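Given next are the chains, with one letter for each unit.
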Amino acid sequence: MRRSLILAAVAVMSLSSTGCMGGMGAPTALAAADYAEVLADPIRTADDRARDAGRHTAETLAFAGVRPGQKIADMIIGGGYFTRVFSAAVGSRGRVIAWQPAEFIAFQASYGDSLTAADALANVDAIRSPIAAPDFPAGLDLVFTAQNYHDLHLSMAPADTAARVNAAVFEALKPGGLYVIIDHHAVAGSPLTAANTVHRIDIEAVKREVLAAGFVLDGESDLLANAADPRTANVLDGTIRGRTSQFMLRFRKPA
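Notes on the structure in this doc start here. Quick caveat: nothing in here was measured; it's all calculated off a predicted structure.

The rules behind the values
- Residues numbered from 1 in each chain as written.
- Predicted model: local features only at pLDDT ≥ 70, side-chain atom pairs only at ≥ 80, totals over all residues.
- Heavy atoms only, no water.
- Helix = DSSP H or I, 4+ residues; strand = E, 2+ residues; numbered from the N terminus.
- Buried < 20%, exposed > 50% of the residue type's maximum accessible area, 1.4 Å probe, protein only.
- Contact = heavy atoms within 4.5 Å.
- Areas by Shrake-Rupley, 256 points an atom, 1.4 Å probe, with all protein chains shown as cover.
- Core = buried A, V, L, I, M, F, W, Y, C linked by side-chain atoms within 4.5 Å.
- Arc of directions from axis to C-beta.
- Pairing = 2+ DSSP bridges.
- Axes fitted to C-alpha atoms, helices over the stretch in contact; angles between N-to-C directions.
- Lys, Arg positive; Asp, Glu negative; His and termini not counted.
- Salt bridge = Lys/Arg side-chain N within 4 Å of Asp/Glu carboxyl O.
- Polar contact = N/O pair within 3.5 Å; in protein donor to acceptor, adjacent residues only side chain to side chain.
- Expected span 1.5 Å × (residues − 1).
- 1 Å grid on protein atoms, 1.4 Å probe; cavity = no way out; pocket = protein on both sides within 12 Å on 5 of 7 lines; lining within 4 Å.
- Points joined across faces, edges and corners; volume = space filled by probe spheres on them.
- Nonpolar A, V, L, I, M, F, W, Y, C, P; charged D, E, K, R; others polar.
- Right-handed = clockwise from strand over helix to strand, strands pointing away.

### Concerning the overall build of the protein
Helix and strand counts for the protein come out as 10 helices and seven strands. Relative to its 255 residues, the protein shows a buried fraction of 53%. Restricting the contact set of the protein to residue pairs at least 6 apart, pairs at least 24 apart contribute 76%. Of the roughly 10,800 Å² that the protein leaves accessible, carbon and sulfur atoms contribute 58%.

Here's what the structure looks like:
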């Protein structure tokens, strides 16, 4: 089946599920299988596709309710892995906002290169702004960040960065819009300084911060959990890199 037909079918499914985003259930009726053509899109690199199984990309898209025509912000894009899959998923009727903090670009040239490459995609707009002041446009359906929320607590960032970013996300989202956060598990009760030492964060700390911004918790998943991860090693350590235990949280802006 051609990709255009797949996306049209997904669009119909999402329209039929309008109003079903409340509670702890999935935000739409979409399933991982609905994204097969999206993952195969030529906009994505061979390296992207090789990482899909480990990152459970299709299931993650379903958890986030990603569908054609949406306006999505990819928050702290790293190398642009999710930016590319969002670009394929939302199609020509949608838009992806790719944000890379200016401090990251100044620290490592590759972050700037990734943002420039993302900006070259037809339905992607790149933004560069200080880490505590993301310049998100209004009317977003979804703000998504993977493995980078803890960076809001790095020592190089202002102390109130997380609060300011969460407020900016809340303001940018439509009523009923979703904020999806994936990050590396820290040991329960770990201080926020774990962001500097092991690049992890306590899931309960994330919940407290995001709920304080006015969001409600709409869903969570242990899809990326790994019981073999002691949650104490730096995520870049060769003994655990690529196999860390991660949490998935979905928050909703009240309608």
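### Here's the deal with the nonpolar core
Core analysis: the biggest nonpolar cluster contains 34 residues, and Tyr35, Val66, Phe86, Leu142 and Phe144 have the highest contact counts within it. Counting only elements with at least two residues in this core, the list comes to helix 2 (36-39), helix 4 (57-64), helix 5 (81-90), strand 2 (95-101), helix 7 (109-119), strand 3 (124-129), strand 4 (140-146) and strand 5 (173-184). At seven residues, the largest contribution of residues to this core is made by helix 5. Beyond its immediate stretch of four places on either side in the chain, valine 66 contacts Leu30, Tyr35, Leu61, Ile72, Phe86, Ala89 and Leu142. Ranked by size, the runner-up nonpolar core spans 32 residues in total, among them Val165, Ala168, Ala172 and Val206.

### Observations regarding unusual backbone geometry
Of note in the backbone geometry, histidine 56 takes a positive phi value of approximately 50° without being a glycine. Relative to the elements of secondary structure, histidine 56 occurs in the loop between helix 3 (46-55) and helix 4. Judged by relative accessible area, which is 27%, histidine 56 ranks as partly exposed. Although it is not a glycine, arginine 231 adopts a positive phi angle of roughly 70°.

### Comments concerning helix 3
Every buried residue of helix 3 is listed here: Asp48, Asp52 and Arg55. Projection of helix 3 onto a plane perpendicular to its axis shows the buried side chains occupying an angular sector of 90°, all on one side. When the buried face of helix 3 is taken as reference, the exposed residues oriented beyond 90 degrees from it are Ala46, Ala50, Ala53 and Gly54. Of the surrounding elements, those touching the buried residues of helix 3 are helix 2, helix 4, helix 5 and strand 4. Two residues or fewer after helix 3 comes histidine 56, characterised by a positive phi angle close to 50°.

### Quick look at the sheet that holds strand 2
Strand pairing in a sheet relies on backbone hydrogen bonds, with the paired strands running either antiparallel or parallel. Taken in spatial order, the seven strands make up an open sheet running 3-2-1-4-5-7-6, and their pairing is mixed. Of all strands in the sheet, those bounded by a partner on one side alone are strand 3 and strand 6 (216-221). In this sheet, neighbouring strand axes are inclined to one another by 20° on average, regardless of whether the strands run parallel or antiparallel. This element, helix 5, spans strand 1 (71-75), strand 2, strand 3 and strand 4 of the sheet and lies at about 165° to strand 2.

### Points about the side chain of aspartate 202
Inspection of the secondary structure assignment puts aspartate 202 in the loop between helix 9 (194-197) and helix 10 (203-212). Although aspartate 202 is buried, it makes no salt bridge; arginine 208 carries the closest opposite charge, 4.9 Å away. Among the polar contacts listed, one links the side chain of aspartate 202 to the backbone nitrogen of glycine 189, at a separation of 3.1 Å. Apart from the residues within four sequence positions on either side, aspartate 202 is in contact with Ala186, Val187, Ala188, Gly189 and Ser190.

### A closer look at helix 8 (residues 161-172)
With 12 residues, helix 8 should cover 16 Å at 1.5 Å per step; its first-to-last C-alpha distance of 16 Å lies within 8% of that length. If you check which residues of helix 8 are buried, you get Thr161, Ala162, Val165, Asn166, Ala168, Val169 and Ala172. The buried residues of helix 8 occupy one face: seen down the axis, they fall within an arc of 160°. Counted as exposed and oriented over 90 degrees from the buried face of helix 8: Ala163 and Glu171. Here the buried face of helix 8 lies against strand 1, strand 2, strand 4, strand 5 and helix 10.

### Side note on the layout of surface pockets
In this structure, the largest pocket occupies an estimated 1,200 Å³ of space. Ala146, Gln147, Asn148, His184 and Leu236 are, among the 42 residues lining the largest pocket, the residues nearest its centre. Secondary structure elements with two or more residues in the lining of the largest pocket: helix 3, helix 5, helix 6 (102-107), helix 7 and strand 5. Taken together, the residues of the lining of the largest pocket sort by class into 16 nonpolar, 18 polar and eight charged.

### Thoughts on the pairing of strand 2
Of all seven residues in strand 2, six are buried, a share of seventy percent or more. Bridge analysis of strand 1 against strand 2 gives five bridges, and the strand direction is parallel. The residue bridging isoleucine 72 from the neighbouring strand is valine 96, located in strand 2. Of the crossover connections in this fold, the one passing from strand 1 over helix 5 to the parallel strand 2 is right-handed. Pairing of strand 2 with strand 3 involves six bridges; the strand directions are parallel. Across the sheet, the residue bridging to tryptophan 99 is isoleucine 127, located in strand 3.

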